[in-house]
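# Structural characterization, general
Residues per chain, in single letters:
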Amino acid sequence: MTGTAADPGDEWAAFEMRLAKALGAMEHATYLVVSLAGEPRATASAYVQFAQGGLLGFRAEAAGNQWLGPGQGPSEAQQEMLTELGWQRPGSAPQGRNWVREWEEPVPFPEVAAIAVQTLREVYGAKSPDRLVYRSGGFPAHEGPVPDPELGIPHDRPSAPAAAVVGARTHPAPEPDEAVASLEAALSEFVSGADIVPDRDGDLPIRVGSAIMFVRPVSGRPPLLQLFSPLVSDVDMTPTLLDTLNDINRNILFGRVFWAEREVVVSMEITAVGISAKQIAFACVQLGNLADHLDDVLRGRFGGRTMFEVPKTLVN
């Protein structure tokens, strides 16, 4: 009896079902990134990523030209296909430099998975699910481990030794100076090509629509990466303002919003140990988009001044 090769369509159908199940099982404040690997004729560094926001909705992004190699961005026909699949074009608020779709509860996860698979196959050129890898994790607001999505594809980097993750006491942490140096190198990779100059305090300012976000390494054990953005200034502290900030903090997935010295600020910190440029980019995207939304909301309710009075242009 002669065997027959598996139908590529069957492989993709099975992967699509696994992806839909994984998306439906995502916990609040977690993310999942599915990207191409080892596909010479496909778009290098292409990915589709997902973030579970709970009350803030479910968000999916497809890689924009900013993250792809020269000449590897989607063709006009492929861009039209992305539009037909419902992706919003980069540069249209509020998504910045990626293609974006968002859903409110209840999220149609089989539909989301189908859109993602068609994007990976027909736009970015993935020939088989075997050419895909994944990353998953949690935002700072997520507590505890993130369950494996069970996609049937490999993780995009080797797992850390058990002693490094579970038995941290037996695996010495890197020296702070060494970790901060690695962080600065990764941050330099993220901002490559952009005209970003450190300010007098050494913070890197990144323009985010009507807001501005600052990024700085913080020494310590462990060393941290801090991101913060002044939302509105010249605002008095009132019970109503504090109640509003408290409500925001209950609903956002990461960071915190607070009042200090007549200014409302949003801030978050993430560990700098082993951080990559992609992880930095993801954090900058999330906090930057949040800042550019909240500054207008708070100014509309409580007055004050935002940093810029311009149409929204978000990061990533």
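The structure this text deals with has already been given above.
The paragraphs below set out a description of the structure included in this document. Nothing here was measured: the structure is a model prediction, and the numbers come from that model. (Residues numbered from 1 in each chain as written. Predicted model: local features only at pLDDT ≥ 70, side-chain atom pairs only at ≥ 80, totals over all residues. Heavy atoms only, no water.)

## Regarding the pairing of strand 8 (residues 224-233)
Put simply, the rule reads: Burial classification: accessible surface area is computed with a 1.4 Å probe over protein chains only, and a residue below 20% of its type maximum counts as buried, one above 50% as exposed, and the rest as partly exposed. What counts as a helix is a DSSP run of H or I of at least four residues, what counts as a strand is a run of E of at least two, and both are numbered from the N terminus. In short, DSSP must find at least two bridges between two strands for them to pair.
Counting buried positions along strand 8 yields 9 of 10 residues, so the element is predominantly enclosed. Judged from the 5 bridges that link them, strand 7 (residues 211-218) and strand 8 form a sheet pairing that is antiparallel. The residue of strand 8 that forms the bridge with Arg-216 is Gln-226. In this sheet, strand 10 (residues 263-271) lies alongside strand 8 in antiparallel orientation, the contact comprising 9 bridges. Among the inter-strand pairings, Gln-226 is bridged to a residue of strand 10, identified as Glu-269.

## Thoughts on helix 3 (residues 109-123)
Definition in use: What a helix should span is 1.5 Å times the count of its residues minus one.
For helix 3, which comprises 15 residues, the first-to-last C-alpha distance of 20 Å matches the rise-based estimate of 21 Å (1.5 Å per residue) to within 8%. Taken together, the buried positions of helix 3 are occupied by Phe-109, Val-112, Ala-113, Ile-115, Ala-116, Val-117, Thr-119, Leu-120 and Val-123. Looking one or two residues beyond helix 3, the residue adopting positive phi is Gly-125, at roughly 85°.

## Thoughts on empty space enclosed by the protein
Selection rule: Put simply, the grid is 1 Å and covers the protein atoms alone, a cavity is a trapped set of points that fit a 1.4 Å probe, a pocket is an open set with protein on both sides within 12 Å along at least five of seven lines, and lining residues have an atom within 4 Å of a point. Grid points are joined across faces, edges and corners, and a volume is the space filled by probe spheres set on the points. All amino acids are sorted into three groups, where Ala, Val, Leu, Ile, Met, Phe, Trp, Tyr, Cys and Pro are nonpolar, Asp, Glu, Lys and Arg are charged, and the leftover types, Gly among them, are polar.
Across all of its chains, the model carries 1 cavity of 30 Å³ or more by this definition. Empty space within the largest cavity amounts to approximately 30 Å³. Along the walls of the largest cavity sit Gln-49, Phe-50, Ala-51, Arg-59, Ala-60, Glu-61, Phe-282 and Gln-286, which together make up its complete lining. When contributions to the lining of the largest cavity are tallied by element, the ones reaching two or more residues are strand 2 (47-52), strand 3 (58-62) and helix 7 (277-302). Residues of the lining of the largest cavity, tallied by class, amount to 4 nonpolar, 2 polar and 2 charged.

## Details of the nonpolar core
Test applied: We define the nonpolar core as a collection of buried residues of types Ala, Val, Leu, Ile, Met, Phe, Trp, Tyr and Cys that are connected through side-chain atoms lying within 4.5 Å of one another. Should any heavy atoms of two residues lie within 4.5 Å, those residues are considered in contact.
Counting residues in hydrophobic clusters, the biggest one holds 41 residues, and the most contacted among them are Leu-19, Leu-23, Val-34 and Phe-50. Those elements giving two or more residues to this core turn out to be helix 1 (8-24), strand 1 (30-36), strand 2, strand 3, strand 4 (99-103), helix 3 and strand 5 (132-138). Looking at this core element by element, the count peaks at 8 residues for helix 3. Those residues in contact with Phe-50 that sit more than four places away from it in its chain are Leu-19, Leu-23, Met-26, Thr-30, Tyr-31, Leu-32, Val-34, Phe-58, Arg-59, Ala-60, Val-112 and Ala-116. The next biggest cluster of nonpolar side chains, apart from the first, holds 29 residues, and it includes Val-215, Leu-253, Met-268 and Ala-291.

## Let's talk about the pattern of salt bridges
Rules: Within this document, salt bridges are pairs made up of a side-chain nitrogen of Lys or Arg and a carboxyl oxygen of Asp or Glu, the two lying within 4 Å of each other.
Across all of its chains, the model carries 9 salt bridges by this definition. With a closest N to O distance of 2.3 Å, Asp-247 and Arg-250 form a salt bridge. With Asp-247 and Arg-250 both in helix 6 (residues 239-251), this residue pair falls 3 residues apart, about one helical turn. Look at Arg-250 and you get exposed, because its relative accessible area is 58%. Overlapping salt bridges, with partners in common, bring together Asp-234, Asp-236, Arg-262 and Arg-305 in one network.

## A short note on the packing of aromatic side chains
Cut-off, in case you're wondering: For this analysis, a ring pair means two rings from Phe, Tyr or Trp (six-membered ring only for Trp) whose centres lie within 6.5 Å, classed as stacked if their planes differ by under 30 degrees, edge-to-face if by over 60, and tilted for the remaining angles.
Per the stated rule, a full pass over the model turns up 5 aromatic pairs. Seen in terms of ring centroids, Phe-214 and Phe-228 are 5.3 Å apart; in terms of plane orientation they differ by 25°. Their pairing is stacked. In this pair, Phe-214 sits in strand 7 while Phe-228 sits in strand 8, placing the two residues 14 residues apart along the sequence. The pair formed by Phe-214 and Phe-228 is uniform in burial state, with each residue classed as buried. Chaining the aromatic ring pairs together yields one cluster made of Phe-50, Phe-58, Trp-103 and Phe-109.

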